[in-house]
Amino acid sequence: MDTKHLHIADYNYPLPDDFIAKFPKEQRDHSKLLIYRKGEITDDVFFNLPRYLPSGALMVFNNTKVIQARIHFRKSTGAIIEVFLLEPIAPTDYEQMFQTRGECSWLCLVGNQKKWKDGILTRKVNVNGNILDLCVSKSNALGGVNVCFSWDNPQVSFAEILDAVGELPIPPYLNRETQESDKTTYQTVYSKIKGSVAAPTAGLHFTNEVLEALDNNGIEREELTLHVGAGTFKPVKTEEIGDHEMHTEYVCVKKTTLESLLRHGANAIAVGTTSVRTLESLYYMGAKLRKNPQLSEEELHVSQWEPYDIISEITPMDAIKEIISYLERNGLDALHSSTQIIIAPGYEFKIVKMMVTNFHQPQSTLLLLVSAFVHGDWKQIYDYAIKNKFRFLSYGDSSLLIP
């Protein structure tokens with residue numbers, strides 16, 4: 001199959017607006033669960049998920065935390081300018097960025113940019129009783145706008161500023177304003193590492209009770225980090241997917257998680273497409289290291305079409321071993337790199353054997369990933385979901401896919 005020449009129009013389906021969940025279920029683990037197992041479909045309630053998983057399996061979660069990435073400024077003319085954080089520029093490390101004091105720079109999207117030609121925008125900010133001036137200036141950049149933030153209180157971190165004035169960026173297709181409740185419901189119960197501008201929504205269904213049931217059923221749990229970018233909502237506007245450019249996302253995988261993967265034969269159950277993209281990218285990072293052990297973490301970046309253009313004979317187990325050896329040689333306890341991988345029909349999965357995921361938008365790269373995973377059987381799944389009135393997208397229902 002020539003993946004690059006797939007037509008996105010072949011991955012369309014009718015999605016009435018009333019099927020899009022605008023708010024989550026009151027109890028997050030009471031959403032519906034579709035179970036697809038080798039072509040057969042049944043359904044249940046999400047809190048029964050552990051019953052369908054094999055004891056002794058490894059389940060991998062994305063522990064990223066959504067940041068309050070929207071900040072509004074008002075010009076003297078009254079015009080409102082929205083600055084939407086995409087990824088840090090200076091410093092580039094997320095953890096360092098949130099602890100920065102005084103100034104920092106981000107790649108951003110700017111709303112109402114025509115009204116902000118140049119100059120500095122300023123707003124008063126109250127951070128834990130400290131009143132400060134937050135200033136922004138901009139310069140154009142590839143993929144967005146470079147925005148420099150500065151503030152006149154070196155005791156205050158950028159994380160504290162975001163907590164004080166930022167707004168949580170709920171998906172645009174919800175067509176509503178962010179509400180106070182979203183600060184809780186649009187985060188997974190295991191979110192830890194700040195950096196995403198969109199939630200890894202497959203994880204929104206999990207409660208502490210479900211996690212405890214997984215433990216009791218002998219399912220081992222591990223976490224990794226992929227910071228979800230705004231590109232996750234980027235529609236495919238090209239006729240063939242080969243002309244669509246995927247966004248780059250930061251990933252971090254601890255050595256202990258890699259060692260756990262080894263113990264499980266490099267097989268995993270992935271919670272969400274973000275975990276899938278990270279786990280599958282590990283294979284190609286390991287394959288690169290087999291060829292050149294001296295690569296930097298930045299050079300381990302997996303480009304969009306690399307999995308289709310490069311044929312590697314290395315096994316998934318050996319790929320994971322290569323990364324562990326690399327970390328040990330360099331005295332690292334975690335791998336920090338990035339991925340731009342696109343997973344679409346024609347892709348051969350290396351590590352992920354089962355997947356928990358929500359129902360995705362028509363003609364999206366996420367639907368392409370699902371189609372690849374179930375060997376093209378996505379229409380049967382989505383027809384069943386619509387016929388049985390499942391709720392769709394970020395706050396919608398869930399599925400367990402076992403190809």
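The structure reproduced in this document is the subject of the present report. (Residues numbered from 1 in each chain as written. Predicted model: local features only at pLDDT ≥ 70, side-chain atom pairs only at ≥ 80, totals over all residues. Heavy atoms only, no water.)

Describing the environment of Ala287
Consideration 1: Residue position: Ala287 is located in helix α6 (residues 273–291).
Consideration 2: The buried category is assigned to Ala287, whose relative accessible area is 11%.
Consideration 3: Linking Ala287 and Pro316, residues 29 residues apart in sequence, is a C-alpha distance of 8.8 Å.
Consideration 4: Once you skip the residues sitting within four places of it in the chain, Ala287 turns out to touch Ser312, Ile314 and Ala319. (Helix = DSSP H or I, 4+ residues; strand = E, 2+ residues; numbered from the N terminus. Buried < 20%, exposed > 50% of the residue type's maximum accessible area, 1.4 Å probe, protein only. Contact = heavy atoms within 4.5 Å.)

Points about the sheet that holds strand β17 (residues 398–402)
Consideration 1: Read from one edge to the other, the open sheet built from nine strands follows the order β2-β1-β17-β16-β14-β3-β12-β13-β15, with strand pairing classed as mixed. Among the strands making up the open sheet, the edge pair consists of β2 (40–45) and β15 (334–339). Each neighbouring strand pair of the sheet contributes to a mean axis angle of 25 degrees, computed without reference to strand direction.
Consideration 2: Across six bridges, the pairing between strand β1 (residues 32–37) and β2 is antiparallel. (Pairing = 2+ DSSP bridges. Axes fitted to C-alpha atoms, helices over the stretch in contact; angles between N-to-C directions.)

Topic: the environment of Gly272
Consideration 1: On the secondary structure map, Gly272 appears in the loop between β14 (268–271) and α6.
Consideration 2: Given a relative accessible area of 6%, Gly272 falls into the buried group.
Consideration 3: For the pair formed by Gly272 and Leu214, sequence separation is 58 residues and the distance between their alpha carbons is 16 Å.
Consideration 4: When residues no more than four places from it in sequence are discounted, the contact partners of Gly272 are Ala202 and Val356.

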